[in-house]
Amino acid sequence: MIDIRNLETFSCAAENKSLSAAARRLHVSQPTVTHRIKVLEREIGAPLFIRGNLGLELTETGRFVLPWVQRLIHDTNNLAQMLASMQKDIVGELRIACSTTVGKYVLPQLASRFCLSYPDIRARILACRPEHAALDLLQGEAHIGVLSSETADPSLEAQEFFRDTITLIVPANHRWANRNSIEPQELLEEPMILREETSGTRRVLLAELTRHDISLDDLNIFIEIGNAEAIVRTVAAGYGISFVSKQASVCLVERGDIVEIPVDGLSLRRTIYMLRKRNSRPHRPRDVFWGFIHDPGNADILNLASCRPRANRA
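An account of the accompanying structure is given in this report.

### Let's talk about the overall build of the protein chain
Looking only at helices and strands, the protein chain features 11 helices and 11 strands. In terms of overall size, the protein chain is more extended than a compact globule, its C-alpha atoms giving a radius of gyration of 26 Å where 314 residues would be expected to give roughly 20 Å. Dimensions of the protein chain along its principal axes, counting C-alpha atoms only, are 85 × 50 × 30 Å. Per-residue burial for the protein chain yields a buried fraction of 46% across its 314 residues. Partitioning the intrachain contacts of the protein chain with sequence separation of at least 6 by distance along the chain shows that 77% fall at a separation of at least 24. Accessible surface, the protein chain: about 16,700 Å² in total, of which carbon and sulfur atoms supply 50%.

### As for the packing of aromatic side chains
Considering all chains together, one arrives at six aromatic pairs under this definition. Aromatic side chains Phe114 and Tyr118 sit 5.0 Å apart centroid to centroid with 45° between the ring planes, which places their arrangement in the tilted category. Residue Tyr118 is classed as partly exposed on the basis of its relative accessible area, which comes to 25%.

### What about the nonpolar core?
Here is a general trend for soluble globular proteins: nonpolar side chains tend to be buried in one another's company. One finds Leu110, Val146, Phe161, Met274 and Phe289 to be the most contacted residues of the largest nonpolar core, which totals 23 residues. Residue assignment for this core shows that the elements contributing at least two residues are strand 3 (92-98), helix 5 (103-117), strand 5 (144-147), strand 6 (156-171), strand 11 (269-277), helix 10 (284-292) and helix 11 (299-302). Residues contacting Phe161, with those up to four places away along its chain left out, are Val106, Leu107, Leu110, Val146, Ile272, Tyr273, Met274, Ile293, His294 and Leu302. Within the second largest apolar cluster, 21 residues are counted, among which are Leu168, Leu187, Ile241 and Val263.

### A word on the pairing of strand 4 (residues 121-127)
Of the strand pairs in this sheet, strand 3 and strand 4 are connected by seven bridges, and their pairing is parallel. From the neighbouring strand, Glu93 faces strand 4, where its bridge partner is Arg122. Where the polypeptide runs from strand 3 across helix 5 and back to strand 4, its parallel neighbour, the crossover connection is right-handed.

### Topic: the pattern of salt bridges
Applying the stated criterion across every chain yields a total of 18 salt bridges. Of the charged contacts in the structure, one is a salt bridge between Arg175 and Glu190, with a shortest N-O distance of 2.6 Å. Of the two residues, Arg175 is situated in the loop between strand 6 and strand 7 (191-194) and Glu190 in the loop between strand 6 and strand 7; the sequence distance between them amounts to 15 residues. According to the relative accessible area criterion, Arg175 is exposed, its value standing at 53%. Between Arg202 and Glu224 there is a salt bridge whose closest N-O contact spans 3.2 Å. Pair noted here: Arg202 is in helix 7 (residues 200-210) and Glu224 is in strand 8 (residues 220-224), with a separation of 22 residues, a long-range link. Since its relative accessible area comes to 8%, Arg202 is described here as buried. Since its relative accessible area comes to 45%, Glu224 is described here as partly exposed.

### Notes on the packing of helix 1 (residues 4-16) against helix 3 (residues 30-44)
Across the interface, helix 1 lies against helix 3 with an axial gap of 9 Å and an inter-helix angle of 110°. One element, helix 1, and the other, helix 3, form an angle in the roughly perpendicular class. The residues of helix 3 that touch helix 1, namely those facing Arg5, Asn6, Leu7, Thr9, Phe10 and Ala13, are Val33, Arg36, Ile37, Val39, Leu40 and Glu43. Each residue belonging to the contact of helix 1 with helix 3 can be placed in one class, and the counts come to seven nonpolar, two polar and three charged.

### Describing unusual backbone geometry
Its identity is not glycine, yet Lys17 carries a phi of approximately 55°, on the positive side. Structurally, Lys17 is set in the loop between helix 1 and helix 2 (19-26). Of the residues examined, Lys17 reaches a relative accessible area of 46% and is grouped as partly exposed. In the Ramachandran plot, Asp213 falls in the positive-phi region, its phi being about 60° despite a non-glycine side chain. Here Asp213 is to be found in the loop between helix 7 and strand 8.

### Notes on the environment of Glu197
Tracing the sequence through the fold places Glu197 in the loop between strand 7 and helix 7. With 29 residues separating them in the primary sequence, Glu197 and Gly226 have C-alpha atoms 8.7 Å apart.

### Some points on the environment of Asn6
If you trace the backbone, Asn6 turns up in helix 1. Judged by its relative accessible area of 8%, Asn6 is buried. Put simply, Asn6 and Leu40 are 34 residues apart on the chain and 6.2 Å apart in space, counted from C-alpha to C-alpha. Residues in contact with Asn6, not counting those within four places in the same chain, are Arg36, Val39, Leu40 and Glu43.

### Details of a nonpolar patch on the surface
On the surface, a nonpolar cluster with roughly 310 Å² of combined accessible area is contributed by Phe222, Ile223 and Tyr239. Position of Ile223 relative to the elements: it lies in strand 8.

Parameters at a glance
Residues numbered from 1 in each chain as written. Predicted model: local features only at pLDDT ≥ 70, side-chain atom pairs only at ≥ 80, totals over all residues. Heavy atoms only, no water. Helix = DSSP H or I, 4+ residues; strand = E, 2+ residues; numbered from the N terminus. Rg over C-alpha atoms; globule rule 2.2 N^0.38 Å. Buried < 20%, exposed > 50% of the residue type's maximum accessible area, 1.4 Å probe, protein only. Contact = heavy atoms within 4.5 Å. Areas by Shrake-Rupley, 256 points an atom, 1.4 Å probe, with all protein chains shown as cover. Phe/Tyr/Trp six-rings, centres within 6.5 Å; stacked < 30°, edge-to-face > 60°. Core = buried A, V, L, I, M, F, W, Y, C linked by side-chain atoms within 4.5 Å. Pairing = 2+ DSSP bridges. Right-handed = clockwise from strand over helix to strand, strands pointing away. Salt bridge = Lys/Arg side-chain N within 4 Å of Asp/Glu carboxyl O. Axes fitted to C-alpha atoms, helices over the stretch in contact; angles between N-to-C directions. Parallel < 35°, antiparallel > 145°, perpendicular 65-115°, else oblique. Nonpolar A, V, L, I, M, F, W, Y, C, P; charged D, E, K, R; others polar. Patch = residues over 30% accessible without salt bridge, like charges linked within 9 Å, V, L, I, M, F, W, Y side chains within 5 Å.

Worth remembering: the numbers are spatial, not functional.
See the structure below:
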């Protein structure tokens, strides 16, 4: 097993481009630094440094290994700090930036259960637009973000939160109401109520329709509305059809005001992600909640959003 001290020595020497500078930073002798790096090179099976005009330079292997070593050191330090604080009470504030509609159906229940388990934590769920969730994390306005897409920002870490189902809804008196399903091309015949341009629901829908050679311009868009609940009520009032998260429509479906209609060949499922800053100081409420969401005891809440639409009977 690789000694973490050898990894720390390699990282320090790479950062300072000097064995002597690494020795001073680590408060050890230069021969100790040299020995640790030689041991690491022997374990890896390749040299990590060459001597250049400006001091130590990384080899190709060294450049490849360094980011992994730095991440491992960071995670090891975080783990040590977390274990050291395990005996302390978990207290403080947990701020969660939620940019997706379905998140507000699942997240409040999960956060409430979390606060019951940890009564000294105060949770706040902050609604925001998708483009602001990652920014809130980076600027420290939130500890955790919930989005309907992953982020390419390397400073943010993502994990799957839950899977969401998007369904086609029509008014209860619609001519499709007793259909078991429809074909994608039939969507072109009806006035469509669409989510706003930044919506994850809209993004998933248009991507799936493209597979059936249907573009945004082909749709008969009646109106765009930036709120899922408002769309559901507008459909129930008979003004068009729409695609929304199943969680947004379930109440009016059960009441009989609207009907879900499967669309043949459309796989309208999306993954909701949870994000946090990758390299940040340990924050107990955030880090405990990060693991809490996938506790087996919370499967009942996460499964709420994962229900597939039921086919209607003729």
